[in-house]
Structure formats: C-alpha cells, structure tokens
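One letter stands for each residue in the lines below.
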Protein chains: 2
Amino acid sequence: MNKLVKTLREAMELAGLKDGMSISFHHHLRNGDRVLNMVLETAAQMGLKDLTVQASSIFDVHAPLVGHIQSGVVTAIETDYMSGSVARAVSEGVLKKPVRFRSHGGRPEAIASGRVRIDVAFIAAPCCDAMGNINGVEGRAACGSLGYAFADALYAGKVIAVTDNLAPYPVSPVSIDETLVDYVVVVDCIGDPAGIVSGTTRITRDPVGLKIARDAARVIEHSGLLQDGFSFQTGAGGASLAVTQYLAPVMREKGIVGSFGLGGITGYMVDMLNDGCFRSLLDVQCFDLKAVASLRENPNHQEISAMRYASPGSKSSAVDSLDVVILGATEMDVDFNVNVHTDSNGYIIGGSGGHSDTAAGAKLTMIVAPLFRARLPIVTDRVTTVSTPGSTVDVLVTQRGIAVNPAKPQLAGALKDAGLSVVPIEALRDLAERFTGKPEKLRHGNRVVGEVEYRDGRVLDRIYNVEG
Amino acid sequence: MNKLVKTLREAMELAGLKDGMSISFHHHLRNGDRVLNMVLETAAQMGLKDLTVQASSIFDVHAPLVGHIQSGVVTAIETDYMSGSVARAVSEGVLKKPVRFRSHGGRPEAIASGRVRIDVAFIAAPCCDAMGNINGVEGRAACGSLGYAFADALYAGKVIAVTDNLAPYPVSPVSIDETLVDYVVVVDCIGDPAGIVSGTTRITRDPVGLKIARDAARVIEHSGLLQDGFSFQTGAGGASLAVTQYLAPVMREKGIVGSFGLGGITGYMVDMLNDGCFRSLLDVQCFDLKAVASLRENPNHQEISAMRYASPGSKSSAVDSLDVVILGATEMDVDFNVNVHTDSNGYIIGGSGGHSDTAAGAKLTMIVAPLFRARLPIVTDRVTTVSTPGSTVDVLVTQRGIAVNPAKPQLAGALKDAGLSVVPIEALRDLAERFTGKPEKLRHGNRVVGEVEYRDGRVLDRIYNVEG
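Because the structure is a prediction, the values reported are computed rather than measured.

Visitor: Honestly, the pattern of salt bridges in this entry has me stumped. Any pointers?
Guide: Should the charged atoms of two oppositely charged side chains come close, the side chains can pair. In this structure the tally under the stated criterion is 55 salt bridges over all chains. Between K408 of chain A and D394 of chain A there is a salt bridge; the shortest N-O distance is 2.9 Å. Highlighted residues: K408 of chain A in the loop between β23 (401–404) and α14 (409–417) and D394 of chain A in the loop between β21 (379–380) and β22 (395–398), separated in sequence by 14 residues. Among the residues examined, K408 of chain A registers a relative accessible area of 30% and is labelled partly exposed. Measuring nitrogen to oxygen at the nearest pair gives 2.6 Å for the salt bridge that ties K290 of chain B to D271 of chain B. Linking K290 of chain B in helix α11 (residues 289–297) with D271 of chain B in helix α10 (residues 267–274), this pair joins segments that are 19 residues apart in sequence. Exposure remark for D271 of chain B: the relative accessible area of 30% places this residue in the partly exposed category.

Structure representation (structure tokens):
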C-alpha cells in the first residue's frame, strides 16, 4: 500500500476536484516553480471551471495563469504577493472578483480558523516518499524551508504531493509528514533551481543604497535593542540585505550574541549564524541556495511554519519576539503608512508577504528606501495603497535623512544624540519634491481589482484597476 | 511579553481549570514523572473535583492518584497503559467509572476527531523557553521524543508547559512549538532521570528467553520479509529486545539495509542504526538514555508524533509501512487473541500501548513468550481480556514450538521448510498444561472497571473488578 498515483490528472480526480473548488499552492520554488502551471494546465484539460487559486505568492513564471483566467478555469485568486504578468493583467481588470491579498501570517490564520477553505492543496515536494513524507532540502529542486505549505497540508480537504524526486521510505528529515498527505504524483520536474534564487537577494552595490544601509545599522546600534539576545529580520531587497554587512561587524566588535535571525533567510543571515552573531535562524523560506544548504546541515538553522513565523491566530509566533525588522517600500506617506502592493502607476507589483506581520510584531520597524526612484518621491501625502499601517512603522531611513514616527519621541532623541540626521518625515517629502516636482495624483479606474486584508482579517485598503 | 506564570496553581487558574474538566498528560518521563502528581496535588489544594485524567500511560510513581480518586478530585481515567498501585486500586474498584483504555494510535485519533475533549494539557518539558518552544532532548530530565504529547498540544483547549529547564528563546531543536502553548511554569524538578529508564528495557539473560529470541529471529529470516528496506519494531520486554541481538548479525552478514526501526526506541535499536542495519529510526518514545542521546545527535533518528506512529485517523502512519513487529503477551488464546491488560488474577497490569496498532499494521506480527510463567500456561482457551484481536496476530514463538495463525498457511510452510518447529497453537496449550495442570477459570466481580477500546473506537472487551 502506498499513495503513488500515476498522473497528476488521476490524483486530481481522486481528490474529487470539481468546478468552483479552491486549490492551494506554496511559493518556495519562487520564479522557478512549475507546479502551479502544471496543475492549472491539467485542470484546463479536465474542463474544470471557476477555480479559486489560493497561492502564498504568484510570480512572473505563472504567466499562463492569465490565459486560465480568460478561459474561466480560474475566477478568483487569493495570495500574499503577486508580480509579473499576472499582476499586470489583474491590475488591468482581467479577473471579475478582486484579488484577496493577505499577509504571510494572515494567510495561515485565515486557513486555520476556517475563514478560508482549501479543497485540494498541491505541495511542491523536492523530496518525497511513496507515503507522502516530504522535505525541501534534498533533490534537484531543493528549495529549503517549506514553511508556507504547512497550513495548507494541515487544513486542506485533500493534499497532493507533487515531486520529481521519489525517495525510499521514510524520508529523513521530514517537514510535512505522511499523516497529512493523500496522494503522491511523480513528475519530470517541479521547478528550475535557477528561478528559486531571485535577483532581489543580492546586496546592493549602489552607493545610495549602501549609505542607507549604513545609517540603518547605526539606527539599530543606537536603538537600545542591540544587546545579547537581539533578534533581527531583514527583507530580501538589496538595501535591506546590505544592513547585514554593516551590522555584523558591530555585533562582533561588541561581542553581542543575538538570539535569532528570522524570515525569508539569505546566505547573508547564514554567514551571521556561522559567525556567531545569532544562536539560531528561524526559516520560513530560503531565498538562496546557501540558505538551503545551511538548513540541511546546521541544526541551529530551523525550519518554521508560517503559523510559527507570523500568524496572529497562533498562541504566539516568532514575530512577537522580534526586536528589529528592516523592510522596503514602494511608497510611504507622512502618516508612516507603507505601500508594497502597487507602483506609481497603480499597477500591482508585490504584496505584503510578511511586511505587515513583522511590522506589527517587531519592537523596531524600519523602512529603508531612497528619497526618490525614477523621479518619484518615496514620501507622499497619502500612499496609493496601505499595505502596512503607519502605527506599526517606526523609522524611515533615506540617504538624505531619517524620519522617526512621532509616537516614538524617545527613539528620535536617542538617534539625535548619536549624531544621526533625524528630520520630520514631511521634510523628506519636501526635499524629494524639490528634485522631482510634486507628483501628479494617480488616476485609476472605478473597479476594485484587489482588497488588502490586514492580518486581523479587516480590509485595510482597496486596489483599483489601471486604465490602459 | 512572554508566557511565564509564577506557579502551577496560577497557570491552572489562568487556564480556567474547573470541576468536571479533562486534563491530559504524556508519559515520556515514565516511572520518573513528577508532573502528573504535582498537578493533581495542586488541583486538590484548589478544591477541584470530578476531573478526568487523560494520560497516555500511568506508572507506579503515580500512586498518589489513588488518594485523589478516593477524595473525589479525580473521577475518571482514560489511558493506554496502567501499572503499579493505581492499576491495583482500579482493579479492586476504587473508581466508579470504568477506565477507558485506548491504544497509542487510538488515543490521538480520539483526540483529533473530537471524540475525546482535553480542556487543559500539561506538557512535561525537559527544555522550554519563555514562549513555550519545547524539546525533550536537553536538560536534567531529558527523555528524548515527546511523540505522545503532540496530539494533546494540538487539540487541547489550553496548554501548560511545565519545565525545570528554562532556556533562552528560541529553543532549538523544537518538538512542540510556541504556536500551541499558552503558559509556561518553571518548577524545581519535572522528573527523575533514573525512573525514565525502566527495568524492562534490558535484554534478557534467561536461557529460555534467549532461545525464544533466537527462534523469533529465524522466523523473521525465513518470513520472506528480511530484505533491503526491511522495517522492524520490537517491544521493550527482555525477550523481545533480545531478538535484535540475533537479527542484527543476520542483517549484517546478508548485507541487508533496513528502512526503519520503529516505536519506543532502545539503545539496541540505536546500535542497529549506527551499524547500518537501518537507514533511520522513527521514535515516538525513548526507552533509555542511549536513545535520548541518539535522537539529540543523529539526524536519521527522527522524533515522530503518535499520529505519525500509529493513528488510524492519519492519512497514513508508520505502522502501515511496518514489516515485522515483535510483541509480548501476558496471555494468548487458541484464536491468537492477546491479553496485555490483565494478569492471571484479573488484575490490570498494563495496557495496549502500541500493541494492537502495530499488530494491525505490520505484515508479520509475532508474539514471543515462554510456554508458561509461574505455573500458568501462556496459551489458554480464551484470554481474560482481549487486548489485540487474533486476526491481526500471525505467530507465537515459545521455547517449545512456534504456532502460526491458520490464516497464514504459506508462512507456516516457509517456516517448516526452514526446519523450525511449527506446531498447532492447541499443542502449545496442551503441552503447557502437562506441566501446570489445567488453570482454574478466573473468578471476577460483576463490576466493569475497565473498557478496552480498539483503535477503531469499538469496545473490544471489558475488565471486571477483582474481589479482594
């Protein structure tokens, strides 16, 4: 007795997949993922209609999804992040229903609480045995942590593991175990390793980015939080990552041993672990192959589920213990609200991921961004889309000054005392506008194409269609 | 923010523990456990009444439970195994309600399906941080796997971790994580390491036991199952354990690499892992400190939950992939039914543990037992208590012959061809009776003191009171 099924189609039939159902995917294979496309292609061949795609993130590699929307195979999308062709088409109104955007912590909460129902979950499994024991650290498509897939595996009606690396029973180590898996399908290739590593996970070489990173490290140094037990997360953007290269020497020099590095993990965080800057890494997603190798080999590099990472439905999650998070922004406003969903033309180009979760949890939430990009100022009067509420954001670091949320006067004082250039956020807006001019107010259509659900389930903002 | 609570009483109050509720315990600290007694003592001080104790096993160390039954603090017990003073008192009728006996696989199924409700679970935590991340491999009371506690932590209304080893956040590795834990209480001592290792986990030196073990190994050798990928579980009884010392050389000589060793894990199984007899160990409970050390250090020695071990409610569990299990018996009958609950006087002296689960799952279920003990034959016309149905038992190995279930004629043929002494089970009964005489039929009282629930939820048998 085992759970092997000959074809994906047979597994989908056995799982009882029908019109109108909800199917889920995790995004650890990132822009190298082949599973989502494979499943939707099969769904189209089966003549299925009106599916909801419940994906933790959607990348440019998923462009064929646009065709499946146009043909009615897919009529709804719920996700934490969306970029590339699908995001563009959605922005232009290809989907009738608005995309429901969640955060990486809000998604597992919605699933665990039953607000979101998944009928069939597809687990891209880099290593899997015939009973459905899965890990992400072995095989050609090794992507490391499978953190976002845990909620899907736990709560979906049926779970189908899709693997290109069938291993003897029992797979060891195990991330998602056989108690949760119904069917196992072997395919030629679940993903392209080159696509798993995205271009965003390299430290910037841009001098402006480096200046920002250096100042961000100084903010941390003088925040009062940099002491033994310090914990830290940084996004995968170039300037965010660059903070590590300024922070690590300070920690070494002061002999500070941090407790954990959190989040999507890069090789830069692995270096900090190996250098003794942290006792452990808590890893919900590996951003590069160095992180994958470390997760496989270093017992202090722990895989965590999205529930453990950031779910507000958990009895606690790691973000609740987080000291500092460094995040990016496409736009920020004078109330410290942050937009990571849409660009200056109103197109969807991303999503919360763990942005709003870590901002809510961390003691110090810092946005790093250049004063302007492509002649558009970072600080505006009102962001186009509120992704993360300003009440959870403490500091903005630009190359021309540092703005501190007025709710944190003590922090502002400490940074001034340390000689950092602390200015009102309005000053950063005005300074940028001297270079760029006052940006024109964005004109958008009247159709809601996206709803941004905050981690507590409330709708934070709506995204409107772009008129082409 | 953390989950530390000053006293156990405060944690129990915060958890809302009230009269009539159900509280749960796991038994990895075995006869060294202090947590169950500590909690019940506190419950008594709080004036609580009518509690249900939902414990994966109960040992002699839990003798104070008898007093709590007499005073009305505890009025119901549900467990998988019960020995010592509590078992004796229950047999004599101290509890008004029958004890509900389950198996180690049936228990998590009952909890996960909601048939059993746990209001407050107490997790004895050898290593725990202030947010409730727990492992069993570090600390003075390190007991290794916490496999039986997973269902409790996942499904209980409230979860209280009780530790004598508060470690910095985040504990690494983690067995049960912070997403599931409400409160953390630090106490002086959760358990006595000497009691964790029970006397049953040593290989027998008795020549009769060794003869049985040697023949059991020969049965495996000629069963057709001993090939690459072979999987194996043995109970912790001396003769069961001794099978490993005859099996390992055969595997090495034939160059056979097994897939996994399963179950409660002893140092003998660790030796087989280290010798290359198995690729991995799946460990729901460590029987000795060598197993604890191996689980801590060897990544191929995996901790598994009781759901993964044996739950019939899981989409699959490890017992479904098991080739051979060696088990003990206090009594067996001519229909191959096995009793591991009661002794010849009708006293409760144990319980199913994983007995009926592994018997149901394994391709070959073998009972090893001497022909008679203390002048009582092992084979009777009808067991006092059916713990494991005869339909799931294949072979009985005694020192005077091997009986094969008539449902397995091919196996009987293969063993005969190999020169083993295969005899009808009735012949073993008759042979024993020539030494012991026909045993007197047990006289018992009319009150039901225990119900044996099979892994599918059905009541297999009832246990009656012993009249003193």
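Visitor: Got a minute to help me understand the sheet that holds strand β12 (residues 258–265) of chain B in this structure?
Guide: By way of backbone hydrogen bonds, the strands of a sheet pair with one another, either parallel or antiparallel. All names here are of chain B. An order of β14-β13-β12-β11-β15-β18-β22-β23 is seen for the eight strands of this open sheet, with the pairing classed as mixed. Edge positions in the sheet fall to β14 (301–303) and β23 (401–404), since each of these pairs with one other strand and no more. Sheet twist, expressed as the average angle between the axes of neighbouring strands with direction ignored, equals 20°. With four bridges joining them, strand β22 (residues 395–398) and β23 adopt antiparallel strand pairing. Note on β23: the bridge partner recorded for V395 is V404. Set on the sheet, α11 makes contact with β12, β13 (278–286) and β14; between it and β14 the angle comes to about 95°.

Visitor: Could you clarify how one ought to interpret the packing of helix α8 (residues 207–221) of chain A against helix α9 (residues 238–254) of chain A in this entry?
Guide: Each packed pair of helices is defined by two parameters, the angle between the axes and the distance between the axes. All names here are of chain A. Where α8 meets α9, the axes come as close as 8 Å, and the angle between the chain directions of the two elements is 45°. With respect to each other, α8 and α9 are oriented oblique. Regarding α8 and α9, the two cross each other, and that crossing is right-handed. Of the residues in α9, those touching α8 at G209, L210, A213, R214, A216, A217, I220 and E221 are A239, A242, V243, Q245, Y246, L247, V250 and K254. For the contact of α8 with α9, a count of residues per class yields eleven nonpolar, two polar and three charged.

Visitor: Teacher, can you tell me more about the sheet that holds strand β9 (residues 158–163) of chain A here?
Guide: Residues and elements named next belong to chain A. Pairing in this open sheet of ten strands is mixed, and the strands run β1-β10-β9-β6-β2-β3-β4-β5-β24-β25 from one edge to the other. Since the sheet does not close on itself, it has two edges, and those belong to β1 (4–5) and β25 (459–464), each with one partner. When strand β2 (residues 22–25) meets strand β3 (residues 51–55), the two strands line up parallel, connected through four bridges. Looking across to β3, one finds that S24 is bridged to Q54. In the packing of helix α2 (residues 35–45) onto the sheet, contacts are made with β2, β3, β4 (74–79), β6 (120–125) and β9, and the angle to β2 comes to roughly 155°.

Visitor: I'm lost on helix α10 (residues 267–274) of chain A in this one. Help?
Guide: Residues spaced three or four apart along an α-helix face the same direction, because each turn holds 3.6 residues. Residue and element names in this part refer to chain A. Those residues of α10 that fall on the buried side of the exposure criterion are G267, M269, V270, M272 and L273. On its buried side, α10 packs onto β11 (231–234), α9, β12 (258–265), β13 (278–286), α11 (289–297) and β14 (301–303). The first or second residue beyond α10 is G276, which carries a positive phi of 85°.

Visitor: Sorry, what's going on with helix α9 (residues 238–254) of chain B here?
Guide: Residue and element names in this part refer to chain B. Compared with the 24 Å implied by 1.5 Å per residue over 17 residues, the 25 Å span of α9 between its first and last C-alpha is a close match. The largest bend in α9 amounts to roughly 25° and is located at L247, with the proline P249 lying one to four residues further along. Where α9 is concerned, the buried positions are G238, A239, S240, L241, A242, V243, T244, Y246, L247, A248, V250 and M251. After α9 finishes, the residue G255 shows a positive phi value of roughly 65°.

Visitor: Quick question: what am I supposed to make of the side chain of S311 of chain B here?
Guide: In this fold, S311 of chain B is placed in the loop between α12 (306–310) and β15 (324–327). Sequence-distant contacts of S311 of chain B, that is, excluding residues within four places in its chain, are made with G105, P108, E109, A306, S317 and R455 of chain B.

Here is what the cut-offs are and how they apply
Residues numbered from 1 in each chain as written. Chains lettered and ligands numbered in written order. Predicted model: local features only at pLDDT ≥ 70, side-chain atom pairs only at ≥ 80, totals over all residues. Heavy atoms only, no water. Salt bridge = Lys/Arg side-chain N within 4 Å of Asp/Glu carboxyl O. Helix = DSSP H or I, 4+ residues; strand = E, 2+ residues; numbered from the N terminus. Buried < 20%, exposed > 50% of the residue type's maximum accessible area, 1.4 Å probe, protein only. Pairing = 2+ DSSP bridges. Axes fitted to C-alpha atoms, helices over the stretch in contact; angles between N-to-C directions. Contact = heavy atoms within 4.5 Å. Parallel < 35°, antiparallel > 145°, perpendicular 65-115°, else oblique. Left-handed = near helix turned anticlockwise from the far one by under 90°. Nonpolar A, V, L, I, M, F, W, Y, C, P; charged D, E, K, R; others polar. Expected span 1.5 Å × (residues − 1). Bend = angle between axes of the 7 residues up to and from the residue.

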